[in-house]
Amino acid sequence: MQNVLKVNDLFAFQTSELLKTKGIRLFNLIGSPGAGKTSLLELLIPLLKDKGARIAVIEGDCATARDAARIAALDVPVVQINTGNSCHLDASQVGKVLGDFSLDALDMVIIENVGNLVCPTGFDLGADEKIAIISVTEGDDKPLKYPRIFHEAKSVILTKTDLIPYTNFSLQRFTEALRSIRQDQELFLLSCTTGEGASPLIERFWP
Ligand code: MG
Ligand code: ZN
């Protein structure tokens, strides 16, 4: 396992160096299946494009190109990686598909990692940062149960906030859980259904 991670880190370093020279920011979006990762991209990408951001997306899923099709409909370059039985993307997979993009025509690449709160966190993809995404319906205790991603991600996006009145999710308990793991975290509240909370996120991705 240590050797696997060492090899991975080499690929991650290459990606990071390449994108630095091109002036491209790379985001690694990590969350459970159904957290709303693709919906978040469907909401944000048109708004970011309106601001002039040139974006490409890398989609990671075990199977199908369903999410890549949703992103392609937004008229941005997208590549789907199918990982089969593997529950995370690794840096060699990401490094390979970067060559499919016209890098000189991009400002940022967003990776939607395979839905999983655990091992995508352990595989560095050469991204500038990891962003955690978690939905109201997953429960307010998840930061305590899966602390590593909430420790590594400076930004946490809580989705499906329109559902809070219909669940026992406590925003206070959730915030306290996050703070117990990391003090300087930025928490974004978002409803992809109503669009509420999109503006601060746009600012975050494209200051
Ligand atoms: Mg998805
Ligand atoms: Zn995995």
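Use the structure listed above.
Engineer: Please give an account of the coordination of the zinc ion (ligand 2) that cites residues and values.
Structural biologist: Protein coordination of the zinc ion (ligand 2) is provided by C87 (SG), H88 (ND1) and C119 (SG), with donor distances spanning 1.9 to 2.2 Å. For H88, a relative accessible area of 13% gives the class buried. Given the relative accessible area of 21%, C119 is considered partly exposed.

Engineer: Describe in detail helix α7 (residues 171–181), supporting the description with residues and values.
Structural biologist: Taken together, the buried positions of α7 are occupied by F174, A177, L178 and I181. Projected down its long axis, α7 carries its buried residues within an arc of 95°, all on one side. Along α7, exposed side chains directed more than 90 degrees from the buried face belong to Q172 and S180.

Engineer: Lay out unusual backbone geometry in plain terms, naming residues and giving numbers.
Structural biologist: For D75, which is not a glycine, the phi torsion comes out positive at approximately 65°. Within the secondary structure layout, D75 lies in the loop between α3 (66–72) and β3 (78–82). On the accessibility criterion, D75 (63% relative accessible area) is exposed. Even without a glycine there, the phi angle at K160 is positive, about 65°. On the secondary structure map, K160 appears in the loop between β6 (155–159) and α7.

Engineer: Any chance you could break down the pairing of strand β7 (residues 186–189) for me, citing the residues and the numbers?
Structural biologist: With 4 bridges connecting them, β6 and β7 associate as parallel partners. From the neighbouring strand, S155 faces β7, where its bridge partner is E186. In this view, the connection linking β6 to its parallel neighbour β7 by way of α7 has right-handed handedness.

Engineer: Explain the pattern of salt bridges to me, using residue names and the numbers behind them.
Structural biologist: Enumeration according to the criterion identifies 14 salt bridges in this entry. The shortest N-O distance in the salt bridge between E42 and R70 comes to 2.7 Å. Taken as a pair, E42 in helix α2 (residues 37–50) and R70 in helix α3 lie far apart in primary sequence, 28 residues in all. On the basis of relative accessible area, E42 is assigned to the partly exposed category, the value being 29%. When the shortest N-O distance is used, the salt bridge between D141 and K142 registers 2.8 Å.

Engineer: Explain the packing of aromatic side chains to me, and be specific about the residues and the numbers.
Structural biologist: Per the stated rule, a full pass over the model turns up 2 aromatic pairs. Between F27 and F205, the ring centres sit 4.8 Å apart and the planes meet at 65°, which makes this aromatic pair edge-to-face. Of the two residues, F27 is situated in strand β1 (residues 25–31) and F205 in helix α8 (residues 198–205); the sequence distance between them amounts to 178 residues. Assigned by exposure class, F27 and F205 land together as buried.

Engineer: Hey, could you go over the coordination of the magnesium ion (ligand 1) for me, with residue numbers and the actual values?
Structural biologist: Looking at the magnesium ion (ligand 1), one finds its protein donor set to be T38 (OG1), D67 (OD) and E112 (OE), positioned 2.0 to 2.1 Å from the metal centre. Counting along the primary sequence, the residues that act as donors to the magnesium ion (ligand 1) give the motif T-x28-D-x44-E. In this pair, T38 is assigned in helix α2 and D67 in helix α3, connecting sequence segments 29 residues apart. As far as burial versus exposure is concerned, T38 and D67 are alike and both buried.

What counts as what
Residues numbered from 1 in each chain as written. Chains lettered and ligands numbered in written order. Predicted model: local features only at pLDDT ≥ 70, side-chain atom pairs only at ≥ 80, totals over all residues. Heavy atoms only, no water. Donors = N, O, S within 2.8 Å, 3.2 Å for Na, K, Ca; no water. Buried < 20%, exposed > 50% of the residue type's maximum accessible area, 1.4 Å probe, protein only. Helix = DSSP H or I, 4+ residues; strand = E, 2+ residues; numbered from the N terminus. Arc of directions from axis to C-beta. Pairing = 2+ DSSP bridges. Right-handed = clockwise from strand over helix to strand, strands pointing away. Salt bridge = Lys/Arg side-chain N within 4 Å of Asp/Glu carboxyl O. Phe/Tyr/Trp six-rings, centres within 6.5 Å; stacked < 30°, edge-to-face > 60°.

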